[in-house]
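Here's the letter readout for the chains.
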Amino acid sequence: MEKIANGLYRLTFGEPEELTPVSVLKPEPRFGELNARPDYGIPFPEEEICCRRRAGSFLVEVPLSPEEDLYGLGLMLKSFRQTGRKKLLRANSDPAADTGDSHAPVPFYLSTAGYCILIDTARYVTLSMGNCKIRGSRQDREGFESAGTEYGHWWVKAGSGNLFIDIPAARGVELYVFCGEDMKDALARYNLFSGGGVLPPIWGLGVMYRAYMHGDRERIYTLAKELRKSEMPCDIFGLEPGWQTHFYSCTYQWDEERFPDHQKMLTDLADMGFKVNLWEHAYVNPQSPVFEDLKPYAGDQYVWDGLVPDFATEEAQRIFAAYHAGLVREGISGFKLDECDNSDFTANWGFADFTQFPSGLDGEQMHTLFGALYQKTIIRVFEKENVRTWGEVRNATAFAAPNPYVLYSDLYDHEDFVRGMASASCSGILWTPEVRQAESEEELLVRIAAAVVSPQMVINSYQVKMPPWVQWDTAKNLEGERLPNADELTQKCRSLLNMRMKLIPWLYAAYYTYYEKGIPPIRPLVLDYPDDQTARPVYDEYLLGEGLLAAPVIFGKGDRRRIWLPKGNWYDYDTGFRLEGGQWMERKVRPGDLPLFVREGTLLALAEPEQYIGEHTCFRLHLTAYGAEKCSLTLISDDGVSCCYQKGVRKIQYTADRDGLVEPEADERYCVVDYKRII
Ligand code: GAL
């Protein structure tokens with residue numbers, strides 16, 4: 001065992017593999033911040049961690065106490081609390097069952113006992129999270145089986161075994177153990193070790209609208225004008241595959257027939273206040289200008305007849321990045337990095353686990369690291385220009401916190417989509433419950449409301465010609481048939497999207513805390529209330545920054561919403577009523593409702609909604625102090641777009657005391673237009 005920083009230890013077992021997330025992704029830990037935090041020791045005796053080999057695999061056993069609950073493992077759509085479960089972590093684009101297949105499996109887990117562990121492997125690792133017990137082990141002797149069976153199905157926690165990590169192919173492994181004051185602090189330390197959380201460009205927090213994939217230049221103009229005319233907030237306009245001459249696999253070249261003079265279109269869109277984001281994946285078509293150059297730096301298998309670049313080599317990164325720099329210079333603000341997650345058994349595309357790559361990675365390891373390496377390659381294009389980017393990605397793994405990418409899926413179960421936010425937050429990744437089609441007006445509204453309080457608000461209309469609020473029925477939308485009540489539904493959706501825009505200063509400050517302190521901007525309750533047994537399994541309520549609790553409605557669950565309010569006093573944002581926490585409350589909900597609660601002692605800032613965030617946008621703030629006590633708020637002011645925030649930002653501090661609001665010096669980003677106190 002080796003101490004690396006305060007509260008951070010590396011445990012080495014056997015002969016670890018050479019190519020791992022740490023050695024390949026090379027995180028840049030923020031040691032200064034880590035060492036400024038108090039030191040904590042490992043919460044279990046070192047000698048109780050054991051390892052052993054079996055044919056083709058390496059096993060590590062880590063003690064687990066029956067009181068502990070475990071979270072993490074990456075984006076888990078079908079389960080949140082992982083205690084008592086077995087998961088085989090594999091990158092997969094169609095994680096239909098709760099087996100560990102995921103767009104973003106992360107070999108990492110987090111415990112309510114105030115520590116988390118990163119397993120530094122790129123293998124498809126199996127974790128048994130307390131569901132098996134070795135006969136004759138310490139737990140067996142001490143009768144651990146009697147404890148911890150009070151919740152969940154009887155078989156889930158029964159036995160309360162230790163934690164087992166089974167790693168194929170390896171002859172050893174390194175574990176990184178992060179220990180903190182509580183689980184939020186431990187997670188924050190992991191995020192700081194990863195390099196700190198991302199601070200998106202401020203426009204990234206607005207609405208992203210992805211346009212019809214078969215649309216041409218005229219369709220794009222029509223949509224863009226319609227969005228502005230109907231005053232639907234939108235910051236980012238996403239072009240789907242059809243912008244390229246060939247897209248499965250990709251050429252990364254504009255199709256000049258459908259998009260004649262695309263440069264003019266990009267300039268016009270920029271003049272209308274849109275940032276443009278381009279869809280692509282990393283499989284390089286033979287017609288692509290980068291194909292020949294990339295050939296020596298690619299795997300020995302094709303996907304969709306395209307090369308699979310080995311982004312673990314400097315050459316592949318450089319060639320790919322240099323080409324993309326051209327697109328960025330044309331005015332592209334970001335990319336949607338699709339399909340870097342592989343599809344086993346279902347859609348059956350992807351490279352095989354036995355693929356060989358020039359860097360020495362095999363297909364299995366590459367599947368774990370592919371999305372992360374692809375992100376790294378694109379990020380360097382923007383870093384070079386000193387601008388921030390913001391986009392989407394379909395695969396991520398360890399050390400993802402600093403990356404300006406949010407995960408998404410082709411799956412669509414709404415409960416899974418909401419749950420994804422909770423599991424992602426506990427794994428150092430971000431997830432959007434994007435809105436696509438709907439079977440009804442109600443479904444559309446419920447889905448949009450949940451996306452309002454997510455890391456990224458995405459309307460992915462790639463399958464339909466018109467926005468979904470004009471026609472939610474896909475077939476009719478494609479026929480161009482507008483809903484009879486299109487205006488009314490547009491108005492309802494506009495007010496939800498406006499709520500997102502109101503939250504931007506608040507979210508920007510929350511993201512800054514992610515960057516500075518490693519604390520995720522959107523957190524399931526357990527992170528802030530780890531000792532609250534009722535809060536532990538709750539996956540559909542979360543804290544946005546400090547003091548604001550969102551309990552989005554899940555579609556198909558009736559018109560009543562049960563909400564657990566943690567201890568303390570809360571205010572219902574809609575009614576202003578004061579509520580006592582530490583109990584369940586039930587609320588009748590209509591489609592489009594977004595239950596929000598404000599913790600007593602919070603100074604909440606909401607902005608007047610903008611249609612988009614421009615370079616010089618000054619947010620007109622409405623501040624509300626909740627409760628009788630003095631409270632304060634810090635907002636972040638900077639240029640919102642460059643990487644200069646790394647050298648410091650202006651922290652704007654507002655304080656509300658008995659005499660009213662104490663305002664800071666004038667700042668060009670914010671001005672207060674209204675202040676009130678609710679008691
Ligand atoms: C999928 C992706 C969708 C859309 C589509 C276009 O893989 O998840 O959001 O971009 O490709 O072909």
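Rules used throughout
- Residues numbered from 1 in each chain as written.
- Predicted model: local features only at pLDDT ≥ 70, side-chain atom pairs only at ≥ 80, totals over all residues.
- Heavy atoms only, no water.
- Helix = DSSP H or I, 4+ residues; strand = E, 2+ residues; numbered from the N terminus.
- Rg over C-alpha atoms; globule rule 2.2 N^0.38 Å.
- Contact = heavy atoms within 4.5 Å.
- Areas by Shrake-Rupley, 256 points an atom, 1.4 Å probe, with all protein chains shown as cover.
- Lys, Arg positive; Asp, Glu negative; His and termini not counted.
- Charge placed at Lys NZ, Arg CZ, Asp CG, Glu CD.
- Buried < 20%, exposed > 50% of the residue type's maximum accessible area, 1.4 Å probe, protein only.
- Pairing = 2+ DSSP bridges.
- Expected span 1.5 Å × (residues − 1).
- Polar contact = N/O pair within 3.5 Å; in protein donor to acceptor, adjacent residues only side chain to side chain.
- Salt bridge = Lys/Arg side-chain N within 4 Å of Asp/Glu carboxyl O.
- Phe/Tyr/Trp six-rings, centres within 6.5 Å; stacked < 30°, edge-to-face > 60°.
- Lys NZ or Arg CZ within 6 Å of the ring centre and 35° of its normal.
- Axes fitted to C-alpha atoms, helices over the stretch in contact; angles between N-to-C directions.
- Parallel < 35°, antiparallel > 145°, perpendicular 65-115°, else oblique.
- Nonpolar A, V, L, I, M, F, W, Y, C, P; charged D, E, K, R; others polar.
- pLDDT = per-residue confidence, 0-100.
- Near = heavy atom within 4 Å.
- Arc of directions from axis to C-beta.

A closer look at the overall build of the protein chain
Then comes step 1: Helix and strand content of the protein chain: 16 helices and 34 strands.
Then comes step 2: At 25 Å, the protein chain has a C-alpha radius of gyration in line with the 26 Å of a compact globule built from 679 residues.
Then comes step 3: When the backbone C-alpha atoms are referred to their principal axes, the protein chain occupies close to 70 × 70 × 45 Å.
Then comes step 4: Taking the contacts inside the protein chain whose residues are at least 6 apart along the sequence as the reference set, 72% of them involve residues at least 24 apart.
Then comes step 5: Summing over all exposed atoms, the protein chain offers an accessible surface of approximately 24,600 Å²; the carbon and sulfur share of this is 48%.
Then comes step 6: Charge separation in the protein chain, taken as the distance between the mean sites of 73 positive and 99 negative side-chain charges, equals 3 Å.

Description of the pairing of strand β11 (residues 126-129)
Then comes step 1: Covered by surrounding structure in β11 are T126 and S128 together with L127 and M129, the residues of both alternating faces.
Then comes step 2: Relative to β11, strand β6 (residues 86-88) is paired through three bridges, and the arrangement is antiparallel. Its bridge partner lying in β11, K86 is registered against S128.
Then comes step 3: Pairing of β11 with strand β12 (residues 163-168) involves four bridges; the strand directions are antiparallel.

Observations concerning helix α11 (residues 414-425)
Then comes step 1: Here α11 spans 18 Å end to end across 12 residues, near enough to the 16 Å set by a 1.5 Å rise per residue.
Then comes step 2: Counting buried residues in α11 gives 11 out of 12 residues, a clear majority hidden from the surface.
Then comes step 3: By the burial criterion, the buried members of α11 are H414, D416, F417, V418, R419, G420, M421, A422, S423, A424 and S425.
Then comes step 4: Along its buried surface, α11 packs onto β5 (70-74), α5 (183-194), α12 (441-452), β21 (522-524), α16 (525-528) and β22 (542-544).
Then comes step 5: The residue sitting at the N-terminus of α11 and contributing the capping side-chain oxygen is D413; that oxygen lies 3.1 Å from the backbone nitrogen of E415.

Quick notes on the pattern of salt bridges
Then comes step 1: Tallied over the entire structure, the rule returns 53 salt bridges.
Then comes step 2: In this structure, R123 engages E364 in a salt bridge whose closest nitrogen and oxygen atoms are separated by 3.1 Å. With R123 in the loop between β10 (115-119) and β11 and E364 in helix α10 (residues 363-384), the pair connects residues that are 241 residues apart, well separated along the chain. Neither residue differs from the other here; R123 and E364 are each classed as buried.

Comments concerning the packing of aromatic side chains
Then comes step 1: Applying the stated criterion across every chain yields a total of 39 aromatic pairs.
Then comes step 2: Measuring from ring centre to ring centre gives 6.3 Å for F247 and Y248, while their planes differ by 80°; the resulting arrangement is edge-to-face.
Then comes step 3: Look at F247 and you get partly exposed, because its relative accessible area is 22%.
Then comes step 4: Over the face of the ring belonging to Y462 we find K336, whose NZ or CZ atom lies 5.9 Å from the ring centre.
Then comes step 5: One residue, R419, lies across the ring of Y539, its end atom 4.4 Å from the ring centre.

A short note on the sheet that holds strand β30 (residues 619-626)
Then comes step 1: Across the sheet, three strands lie side by side as β29-β30-β34; this open sheet has mixed pairing. Looking along the sheet, the strands with just one partner apiece sit at the ends: β29 (603-607) and β34 (670-678). Strand-to-strand twist of the sheet, defined as the mean angle between neighbouring strand axes without regard to direction, takes the value 25°.
Then comes step 2: Pairing between β30 and β34: eight bridges, direction parallel. Residue pairing for β34: T624 is matched across the bridge by K676.
Then comes step 3: Packed on one face of the sheet, helix α15 (residues 504-517) meets β29, β30 and β34 and runs near 120° to β29.

Comments concerning the environment of E364
Then comes step 1: By relative accessible area, E364 is classed as buried at 12%.
Then comes step 2: Considered as a pair, E364 and F354 are 10 residues apart in the sequence and their alpha carbons are 7.0 Å apart.
Then comes step 3: In contact with E364, not counting residues within four places along its chain, are A122, R123, Y124, P168 and D353.
Then comes step 4: At 2.7 Å, the side chain of E364 forms a polar contact with the backbone nitrogen of Y124.

Side note on the packing of α11 against α12
Then comes step 1: Running from N to C, α11 and α12 point in directions that differ by 5°, and their axes come no closer than 11 Å. Of the possible angle classes, the one that applies to α11 and α12 is roughly parallel. Listed contacts from α12 to H414, F417, V418 and M421 of α11 are V446, R447 and A450.
Then comes step 2: For the contact of α11 with α12, the residue count by class is five nonpolar, one polar and one charged.

Thoughts on the confidence of the model for the protein chain
Then comes step 1: When pLDDT is averaged along the protein chain, the result is 94; 96% of the residues meet or exceed 70.
Then comes step 2: Confidence drops under a pLDDT of 50 for residues 139-159, and excluding neighbours within four residues, the segment shows 38 contacts in the predicted structure.

Quick notes on the site of the ligand
Then comes step 1: Inspection of the region around the ligand gives 13 residues, with E240, K336, D338, E339 and D410 positioned closest.
Then comes step 2: In the model, an oxygen atom of the ligand is placed 2.7 Å from a nitrogen or oxygen of the E339 side chain.
Then comes step 3: Within the side chain of R394, an N or O atom sits 2.9 Å from an oxygen atom of the ligand.
Then comes step 4: Considered on its own, the ligand offers 310 Å² of accessible surface; in the complex 95% of this is hidden by protein.
Then comes step 5: A class-by-class count of the residues in the shell around the ligand yields six nonpolar, one polar and six charged.

Some words on the pairing of strand β31 (residues 631-637)
Then comes step 1: For β31, the buried fraction is high: five of the seven residues fall into the buried class.
Then comes step 2: Strand direction decides the pairing type here: β31 and strand β32 (residues 650-657), joined by seven bridges, are antiparallel. By the bridge assignment for β32, L633 is matched with Y654.

Concerning helix α6 (residues 217-229)
Then comes step 1: Under the 1.5 Å per step criterion, the end-to-end length of α6 is 18 Å for 13 residues, consistent within 8% with the ideal 18 Å.
Then comes step 2: Residues of α6 that are buried: R217, I220, Y221, L223, A224, L227 and R228. Along the axis of α6, the buried positions cluster into a sector of 165°, meaning they face one direction only. The exposed residues of α6 that point more than 90 degrees off its buried face are K225 and K229.

Re the environment of L307
Then comes step 1: With respect to the helices, strands and loops of the structure, L307 is situated in the loop between α8 (291-294) and α9 (314-330).
Then comes step 2: Between the alpha carbons of L307 and S249 there is a distance of 8.4 Å; along the sequence they are 58 residues apart.

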